[in-house]
Amino acid sequence: MGGDEHLRLFCALRLPEHALRTVVRWQRTAFAEGAGLRIVPAERLHVTLAFLGRTPAAAVGEIVGVLREVVAACGPIVLSPLRYRETRSVGMLVLDDEGARAKGLAAALALRLEALGVYTRERRPWLPHLTVLRLPRGHARPGRAVPVPELGPMSPSDAALYHSVLRSRGAQYEVIEAVALGG
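Below: a short report on this structure. What you see as residue numbers is a count from 1 along each chain, following the sequence as written. Totals for whole chains, interfaces and linings use all residues, but because this is a predicted model, local features are given only for residues with pLDDT of at least 70 and pairs of side-chain atoms are given and counted only at 80 or more. Heavy atoms throughout the structure, all of them, feed into the side-chain values; hydrogens and water do not.

1. Remarks on the overall build of the protein chain
For the protein chain, the helix and strand inventory stands at three helices and eight strands. With the C-alpha coordinates of the protein chain rotated into their principal frame, the extents come out at 45 × 35 × 30 Å. Buried positions account for 46% of the 183 residues belonging to the protein chain. Counting only contacts in the protein chain whose residues sit at least 6 apart along the sequence, the fraction spanning at least 24 positions is 78%. What counts as a helix is a DSSP run of H or I of at least four residues, what counts as a strand is a run of E of at least two, and both are numbered from the N terminus. Per-residue accessibility, obtained with a 1.4 Å probe over protein chains only, is compared with the maximum for each type, and a residue is labelled buried under 20%, exposed over 50%, and partly exposed between these values. Any two residues having at least one pair of non-hydrogen atoms within 4.5 Å are treated as being in contact.

Structure, rendered in structure tokens:
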């Protein structure tokens, strides 16, 4: 790819297989399909570090380089489910970030991607979370009690740069490159 092409990109932590299996089992019991609810399938579960959005394809190499450098300096990340929360469009598991290492990784990545000119930080602070459900308009019921899955602490082993391709049945995520945490 090159020239004037653009890709819809984001950087995210990938979850270990055992965590994905546990979350998928929990989703099936916690949420009834229907009424426009769309459970996020296992292959789309991740913890977003930075959503770049529409980005020139020519910048992918530099973005991967930044991701490699920032992730290599990162220590082990331990995440645990704290609570379930809904916004107007998604249901999510808010995660505890032991030692704020994921937060530090997200901040360092944001700083470097901003310097490249491919990222604009959001105004709200970064929140470690896992989107598990897509909601139809007007469906969210803030404060609804949904028990969290019995997942325990989980440690992502890598972070990845993803290409998000929009499809009629939702986005399809393709890993451009995955980088092991701590190099």
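This is not the end of the story, as more comes after the structure.
2. So, the pairing of strand 4 (residues 79-86)
Across seven bridges, the pairing between strand 4 and strand 5 (residues 90-97) is antiparallel. Within the sheet, the bridge partner assigned to serine 80 lies in strand 5 and is aspartate 96. At least two DSSP bridges between two strands are required for those strands to pair. In this antiparallel pair of consecutive strands, strand 4 and strand 5, the connection spans three residues.

3. Some details on the side chain of glutamate 86
Mapped onto the elements of the fold, glutamate 86 is located in strand 4. There is a polar contact of 2.8 Å between the side chain of glutamate 86 and the side chain of tyrosine 84. In the analysis that follows, any N or O atom pair within 3.5 Å is treated as a polar contact, provided that within protein one partner can donate a hydrogen and the other can accept it, and provided that, for residues neighboring in sequence, both atoms belong to side chains.

4. Details of unusual backbone geometry
Outside of glycine, negative phi angles account for most residues, and trans bonds account for most peptide bonds. Here alanine 100, not a glycine, exhibits a phi torsion of approximately 55°, which is positive. Turning to its location among the elements, alanine 100 is positioned in the loop between strand 5 and helix 3 (101-116). Since its relative accessible area comes to 39%, alanine 100 is described here as partly exposed.

5. Section: helix 2 (residues 60-72)
For helix 2, spanning 13 residues, the distance from its first C-alpha to its last is 18 Å, which sits close to the expected 18 Å at 1.5 Å a residue. Among the residues making up helix 2, those that are buried are Val60, Ile63, Val64, Gly65, Val66, Leu67, Val70 and Val71. Of the surrounding secondary structure, the elements contacted by the buried residues of helix 2 are strand 1 (6-14), strand 3 (47-56), helix 3, strand 7 (158-167) and strand 8 (170-180). Expected span of a helix, by definition, is 1.5 Å for each gap between consecutive residues, and there is one gap fewer than residues.

6. Examining the packing of aromatic side chains
Each pair of aromatic rings taken from Phe, Tyr and Trp, with Trp reduced to its six-membered ring, is defined by centres within 6.5 Å and is described as stacked if the planes are under 30 degrees apart, edge-to-face if over 60, and tilted in the remaining cases. Enumeration over the complete set of coordinates arrives at six aromatic pairs. Taking the centre distance of 4.7 Å and the plane angle of 5° together, the rings of phenylalanine 10 and tyrosine 162 count as stacked. Placement of the pair is phenylalanine 10 in strand 1 and tyrosine 162 in strand 7, with a sequence separation of 152 residues. For the pair shown, phenylalanine 10 and tyrosine 162 are each scored as buried. Linked through ring pairs, Phe10, Tyr162 and Tyr173 together constitute an aromatic cluster.

7. A look at the sheet that holds strand 5
If you walk across this open sheet you meet the four strands as 2-6-5-4, and the pairing is antiparallel. Looking at which strands have only one partner, the edges of the open sheet turn out to be strand 2 (38-39) and strand 4. Sheet topology places strand 2 next to strand 6 (residues 129-134); two bridges connect them, and they run antiparallel. Paired with isoleucine 39 across the strands is leucine 133, a residue of strand 6. Strands strand 2, strand 4, strand 5 and strand 6 of the sheet are contacted by helix 1 (residues 17-30), whose axis makes an angle of about 35° with strand 6. Geometry is summarised by axes, namely lines fitted to C-alpha atoms with helices restricted to the contacting stretch, and by angles between N-to-C directions that run from 0 to 180 degrees.

8. Some thoughts on helix 1
Spanning 14 residues, helix 1 covers 20 Å between terminal C-alpha atoms, matching the ideal 20 Å at 1.5 Å per step. Among the residues making up helix 1, those that are buried are Ala19, Leu20, Thr22, Val23, Val24, Trp26 and Gln27. Looking at the buried side of helix 1, the elements it contacts are strand 2, strand 4, strand 5 and strand 6.

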